Every structure is written in structure tokens, then in C-alpha cells.
Amino acid sequence: MHARSSFASVRRLFLRSINSSIIGSHRDSVPLRLPLRLVQVQHRSITTPASHATESISPAPASAPASAPTGDRATSRIPIMSPASDAYADAPENDPLIFTKEVVAPRWGAKKERHRPKNKKKKTSKPSPESGGVPDPTPEYLERASHPPFILPQPRNLLVVVDLNGTLLHRPNHYAPTRFIERPYAKPFLAYCVKTFSVVVWSSARPRNVENMCNQLLTPADRAKVVTVWGRDTFGLTESDYNIRVQCYKRLSALWNNPVVAATHPQAAEGKTWSQVDTVLVDDSFEKARTEPFNLVPVPEFEGNNEEPGFVLPQVHDYLNTCSQQANVSAYMKSSPFKINPDFKL
């Protein structure tokens, strides 16, 4: 107790000596910087040179000049713990050279408020070599996509591969896997595709979430007409890649080689299977279509705007009908890729 009171007395004398050297008349004495550890929440104010203030200061009076005359020292007010009399705070309030800015020290033990950005996406990492790595299109695919497009006399069936999250709907909260916001015209668009084409639903979401999204978008009758529904478990990911945010690649060749999918080709009895000439992928990610880039209908990512402009899915509807008249879909899509028309009207 005695040591504490002695320390307080020494500090009081030290503060008074500092105050005496600062608040005198405007003599050309060397100004002192007040140590930050003396700044407390008690609002006893003294004047100290503004050039040595630890924070930026702004003029309080509207009539204050832009800069102080040479030789005069503008002052700022900072609160310190001091038993000095009120005479130390007797600075003229209307003095044009006075700048007022109170520096309040933080409360000891106060918790810092954490500001977490909303809807910030986690960084997507590359898949490991064991998961297939980062693929590239084959030379055979690129060569076939370079053929000139040719129009058929009659429309034909297509294999339409549809993505879910970001394409047909939006999941605003990853902790509420059954709550989704549908893109405008999502249900009629998907119903038309199921009625007209052979449809595969392929999403990088977990199977349970994929099932929830399908239940919201598809009627039981239309759900029964879908060729197959693929989720995250169909990308060939390792267990570690499966459980982190890793880039997934939709290799359409995996669908073409699948017996269930191949059996739905109109000429499967003759040994024909789906390929790049009659397959369309509707997705919001260019990277996911890396292996077959000229079979992608790229749509802007849907982020939950119910009043989204541009009639995105109705334009995709018309583009699919155009593709159904092409002898080589990849050749046509390479020469005439899908683009949103801002002046499109229903």
C-alpha cells in the first residue's frame, strides 16, 4: 500500500512538472510529447502542441484559419489523469488557434467487436491429383468443335445437363439447406426441358442438398422423367477434397460413358451414345466446363434477386431450341456462343 501511494505521488509530481512546462505563455520552449500510457478516461484537459498530438485533429471553430501563423503553436485538447487544478484547462474557447479533439482511451477489459463480412465466399482450392487434378479439353474434342456448323432439317433430342445452385436457385444460408430462392421462371424452364429433352441434374452440392433442391423445383411426375441426378459424390473426389471447398469439374465424358445415361439416347439400339454433338451444359461456372467449353451455356450467377433483369432462363430456353437444330452442337456453340440480350422481350 505504501509503495502504491509513493508511486502515485511521484507520478503526480511528474505530471505537474510536465503541465508547468506546457501551459506557460507562448515562449519558444521545446514542447514535450505526452506519453500514451498517461491517457485515461477522466476528462481533465490541458493544452499540448498539435504537432505532437498522437491523432489527427480537425478545426472546431468555423472561423479557424487554414494554418497557424509562424511562431505560434496550435494546441489540441487531450484528457489525462491529473490532480492539477482547473487552471490547467483554462484555454480560451474562442481562440482561433485552438483545435479541439479529445482522445479517449479504450476501456480496460472491453471486448473488441468483430466485423464479419456477410456472404463472403470461401476460397476455392484446386483438386488434388488423386481427385483428377485440373483437366484440359482433349485434342479430339477441340478438333471436332472446329467443324463448320450445319443445320438439320428437323429438331432433335438433346442431352441437357442442368446445374442447380447459382443457376436455377440460390441458397442464402448454408446452414439452412432446405431454404432456397428460385430464379425467375426456374420451374417452368425446368419443366419444359424435362418434357422436350433428356435431362440430367448435376450439382457439386452434397446429395442430401441436391435432393432438397430437386424437391422444390420438380413435381413428382417430372422428377420421374429425369434421366439421373448426380451430386458431389459423382466427381471422383478424395475424402479430404470432398469435405472442403474444392473446384469441381463436370467432365461430360463421364456422363457419356455412363450406361444409364447412354441407354437414353434415341438411337441407343443402334449403338449410338451421347457426345459433344448433342449435349448442352447449363451452368453459371466457366471453370466447371473446362473439359468441354463449347458445350456450355454460361448463365450469370443467380444470387437471390427476385427481380433479376434480362429474362435469363427464357433466353436459355430459346437457345436450346436453336441448338436442337444443329448437327454439331459444340461447333455451333463455338461459333455462336450464348449471350444475354438486355433488350429481350417475352
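Residues numbered from 1 in each chain as written. Predicted model: local features only at pLDDT ≥ 70, side-chain atom pairs only at ≥ 80, totals over all residues. Heavy atoms only, no water.

1. Quick notes on the sheet that holds strand β10 (residues 296-298)
Item 1. Here we have five strands laid out as an open sheet, ordered β8-β7-β4-β9-β10, and parallel in their pairing. At either end of the open sheet lies a strand with only one pairing partner, and these are β8 (228-230) and β10. Strand-to-strand twist of the sheet, defined as the mean angle between neighbouring strand axes without regard to direction, takes the value 20 degrees.
Item 2. When strand β4 (residues 159-162) meets strand β9 (residues 279-283), the two strands line up parallel, connected through four bridges. Note that in β9 the partner of Val 160 across the bridge is Val 280. (Pairing = 2+ DSSP bridges. Helix = DSSP H or I, 4+ residues; strand = E, 2+ residues; numbered from the N terminus. Axes fitted to C-alpha atoms, helices over the stretch in contact; angles between N-to-C directions.)

2. Side note on the packing of aromatic side chains
Item 1. Counted by the stated rule, this structure contains eight aromatic pairs.
Item 2. On the basis of an interplanar angle of 50 degrees and a centroid distance of 6.1 Å, the ring pair of Tyr 185 and Phe 311 is categorised as tilted. Of this pair, Tyr 185 sits in the loop between β6 (181-182) and α3 (186-196) while Phe 311 sits in the loop between β10 and α9 (312-323), placing them 126 residues apart in sequence.
Item 3. Classification of Phe 311 by relative accessible area gives partly exposed; the value is 28%.
Item 4. Grouping aromatic residues by their ring pairs yields a cluster made of Tyr 185, Phe 311 and Phe 344. (Phe/Tyr/Trp six-rings, centres within 6.5 Å; stacked < 30°, edge-to-face > 60°. Buried < 20%, exposed > 50% of the residue type's maximum accessible area, 1.4 Å probe, protein only.)

3. Let's talk about empty space enclosed by the protein
Item 1. Overall, the coordinates contain two cavities of 30 Å³ or more when judged by the stated rule.
Item 2. Estimated volume of the second largest cavity: approximately 50 Å³.
Item 3. If you go around the second largest cavity, the residues you meet are Pro 127, Ser 131, Gly 132, Gly 133, Phe 235, Leu 237, Gln 247, Cys 248, Tyr 249 and Arg 251.
Item 4. Among the residues making up the lining of the second largest cavity, the classes are represented as five nonpolar, four polar and one charged. (1 Å grid on protein atoms, 1.4 Å probe; cavity = no way out; pocket = protein on both sides within 12 Å on 5 of 7 lines; lining within 4 Å. Points joined across faces, edges and corners; volume = space filled by probe spheres on them. Nonpolar A, V, L, I, M, F, W, Y, C, P; charged D, E, K, R; others polar.)

4. Topic: the side chain of Glu 292
Item 1. Along the chain, Glu 292 falls in the loop between β9 and β10.
Item 2. Polar contacts involving the side chain of Glu 292 include one to the side chain of Thr 291, which spans 2.5 Å.
Item 3. When residues no more than four places from it in sequence are discounted, the contact partners of Glu 292 are Tyr 141, Lys 250, Arg 251, Leu 252, Ser 253 and Trp 256. (Polar contact = N/O pair within 3.5 Å; in protein donor to acceptor, adjacent residues only side chain to side chain. Contact = heavy atoms within 4.5 Å.)

5. Thoughts on the packing of α3 against α9
Item 1. Between α3 and α9, whose axes approach to 9 Å, the crossing angle comes to 15 degrees. Considering their axes alone, α3 and α9 lie roughly parallel with respect to each other. As for how α3 packs across α9, the hand of that crossing is left-handed. Facing α3, whose interface residues are Ala 186, Phe 189, Tyr 192 and Cys 193, α9 presents Leu 313, Val 316, His 317, Leu 320 and Asn 321.
Item 2. Each residue belonging to the contact of α3 with α9 can be placed in one class, and the counts come to seven nonpolar, two polar and no charged. (Parallel < 35°, antiparallel > 145°, perpendicular 65-115°, else oblique. Left-handed = near helix turned anticlockwise from the far one by under 90°.)

6. Some remarks on the environment of Pro 129
Item 1. Assignment of secondary structure puts Pro 129 in the loop between β3 (98-99) and α2 (139-145).
Item 2. It is 9.7 Å that separates the C-alpha atoms of Pro 129 and Leu 237, two residues lying 108 residues apart in sequence.

7. A word on the side chain of Ser 131
Item 1. Within the fold, Ser 131 resides in the loop between β3 and α2.
Item 2. In contact with Ser 131, other than residues within four places in its own chain, are Phe 235, Gly 236, Leu 237, Thr 238 and Asp 241.

8. Notes on unusual backbone geometry
Backbone phi values are negative for most residues with the exception of glycine, while trans is the configuration of most peptide bonds.
Item 1. Here the phi dihedral of Tyr 185 falls at roughly 70 degrees; this positive angle occurs in a residue that is not glycine.
Item 2. A positive phi angle, close to 50 degrees, is found at Phe 311, a residue other than glycine.

9. Points about the nonpolar core
Burial of nonpolar side chains together is a common tendency in soluble globular proteins.
Item 1. Grouped together as the largest cluster of nonpolar side chains are 36 residues, with contacts concentrated most on Leu 168, Val 280 and Val 297.
Item 2. Of all the secondary structure elements, the ones that give two or more residues to this core are β4, α3, β7 (198-202), α4 (207-217), β9, α9 and α10 (329-335).
Item 3. Among the elements that make up this core, the one with the highest residue count is α9 (six residues).
Item 4. Membership of the second largest hydrophobic core comes to 18 residues, among which are Val 200, Val 246, Leu 252 and Leu 281. (Core = buried A, V, L, I, M, F, W, Y, C linked by side-chain atoms within 4.5 Å.)

10. Topic: α4
Item 1. Regarding α4, the residues found buried are Asn 209, Val 210, Met 213, Cys 214 and Leu 217. Here the buried residues of α4 occupy an arc of 140 degrees about the axis, which is enough to place them on one side. Exposed residues on α4 whose side chains face more than 90 degrees from its buried face are Arg 208 and Asn 215.
Item 2. Those residues of α4 hidden inside the fold are in contact with β5 (169-170), β6, α3, β7, α5 (220-225) and β8. (Arc of directions from axis to C-beta.)

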